[in-house]
Amino acid sequence: MKQIIAFAGTNSKTSINKKLAEYAASLVENVEATTLDLNDFELPLYGIDYENEHGIPENAHKFLKLIQSTDGIILSLAEHNGAYATVFKNIFDWMSRIDGKLWSEKPMLLMATSPGARGGATVLEVAKGRFPYMGGNIVADFSFPSFYDNFSENKIINNDLNEALSKQVEAFQIAL
């Protein structure tokens, strides 16, 4: 059975991006899905001086091994000021010090959501432009607007948006 990982690019304990990632993972058929939480991979803020003095922290190695060992990745990015959340950028930077192609060409469903009408579209565009240079194989993407208006009881309640996500999940499923 194929293995996938799902996670949010945030450390918020009440992350709407984590909820979206878990929901998308639940739509993928015939896989074993594991949800990761960046809080379980605490890392010091990346800096070359820290790396030179202490090396690369074990949690960066652990997270990268999970990416390398999976068949597919579902990632929903939180948008902070139009860019990645600091915690995600930090783990991304640490992993890139181990392997510049950190996404390992794994099929990826890349998403973002926010309370606003743009649904994290800016950070999604940033990631879509950057990840391919880092071994990212983005086979599907989805921007989910107005999270609190369109998501309830652990699912998308807007039929049009749910259908749009289902099409992206199907493209991801085919790529696995």
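Undergrad: For the packing of aromatic side chains, give the residues involved together with the corresponding values.
TA: Inspection of the entire model under this criterion finds 19 aromatic pairs. Seen from their ring centres, phenylalanine 88 and tryptophan 103 are 6.4 Å apart, and the 10° between their planes marks the pair as stacked. Residue phenylalanine 88 is located in helix 4 (residues 86-98), and its partner tryptophan 103 is located in the loop between helix 4 and strand 6 (107-113); the two are separated by 15 residues in the primary sequence. For the residue pair phenylalanine 88 and tryptophan 103, the accessibility class agrees, reading buried in each case. Ring plane angle 20° and centroid distance 4.7 Å describe the contact between phenylalanine 147 and phenylalanine 151, whose orientation is recorded as stacked. Grouping residues by exposure puts phenylalanine 147 and phenylalanine 151 together as buried. Members of the aromatic cluster, joined through ring pairs, are Tyr23, Phe142, Phe144, Phe147, Tyr148 and Phe151.

Undergrad: Help me get a handle on the sheet that holds strand 1 (residues 2-9), residues and values and all.
TA: As summarised here, the arrangement of the 5 strands in space is 2-1-3-6-7, forming an open sheet in which the pairing is parallel. With one partner strand each, in any of the chains shown, strand 2 (31-35) and strand 7 (137-144) form the two edges of the open sheet. Going from strand to strand, the sheet's axes swing by 20° on average, the running direction of each strand aside. As judged from the 5 bridges shared by strand 1 and strand 2, these two strands associate in the parallel manner. From the neighbouring strand, isoleucine 5 faces strand 2, where its bridge partner is threonine 34. Along the sheet face, helix 5 (residues 121-130) touches strand 3 (72-77), strand 6 and strand 7 and points at about 170° away from the line of strand 7.

Undergrad: Go over the packing of helix 1 (residues 16-27) against helix 7 (residues 159-175) with me, naming the residues and quoting the values.
TA: At a minimum axis separation of 9 Å, helix 1 and helix 7 run at an interaxial angle of 60°. The hand of the helix 1/helix 7 crossing is right-handed. Residue-level inspection shows Leu20, Tyr23, Ala24 and Leu27 of helix 1 in contact with helix 7, the latter providing Asn162, Leu165, Ser166, Val169 and Gln173. Its residues assigned to classes, the contact of helix 1 with helix 7 comprises 6 nonpolar, 3 polar and no charged.

Undergrad: Account for unusual backbone geometry, naming residues and giving values.
TA: Here serine 104, not a glycine, exhibits a phi torsion of approximately 55°, which is positive. You can see serine 104 is positioned in the loop between helix 4 and strand 6. Residue classification places serine 104 among the partly exposed residues on the basis of a relative accessible area of 24%. The backbone phi angle of asparagine 154 is positive, close to 65°, even though this residue is not glycine. Relative to the helices and strands, asparagine 154 is located in the loop between strand 8 (151-152) and strand 9 (155-156).

Each value, and the rule that gives it
Counting restarts for each chain, with residues numbered from 1 along the sequence as it is written. Since the coordinates come from a predicted model, pLDDT governs what is reported: local features require at least 70, and pairs of side-chain atoms require 80 or more to be given and counted, while whole-chain, interface and lining totals use all residues. Hydrogens and water molecules were not included; the side-chain quantities draw on all heavy atoms of the structure. The rule is short: rings of Phe, Tyr and Trp, with Trp giving its six-membered ring, pair when the centres are within 6.5 Å, and they are stacked under 30 degrees, edge-to-face over 60, tilted in between. By definition, any uninterrupted DSSP run of H or I lasting at least four residues is a helix, any uninterrupted run of E lasting at least two residues is a strand, and each is numbered from the N terminus. Each residue is assigned to one of three classes by its accessible area relative to the maximum for its type, calculated with a 1.4 Å probe on protein chains only: buried under 20%, partly exposed between the two thresholds, exposed over 50%. Only strands joined by at least two bridges in the DSSP assignment are considered to pair. Axis angles are defined between N-to-C directions and span 0 to 180 degrees, where every axis is a line fitted to C-alpha atoms and, for a helix, only to the segment in contact. The criterion used for residue contact is that any of the two residues' heavy atoms lie within 4.5 Å. Rotating anticlockwise by less than a right angle from the far helix to the near helix defines a left-handed crossing, while the corresponding clockwise rotation defines a right-handed one. Think of it as three bins: nonpolar holds Ala, Val, Leu, Ile, Met, Phe, Trp, Tyr, Cys and Pro, charged holds Asp, Glu, Lys and Arg, and polar takes everything else, Gly as well.

Function cannot be read off these values alone, since they describe shape.
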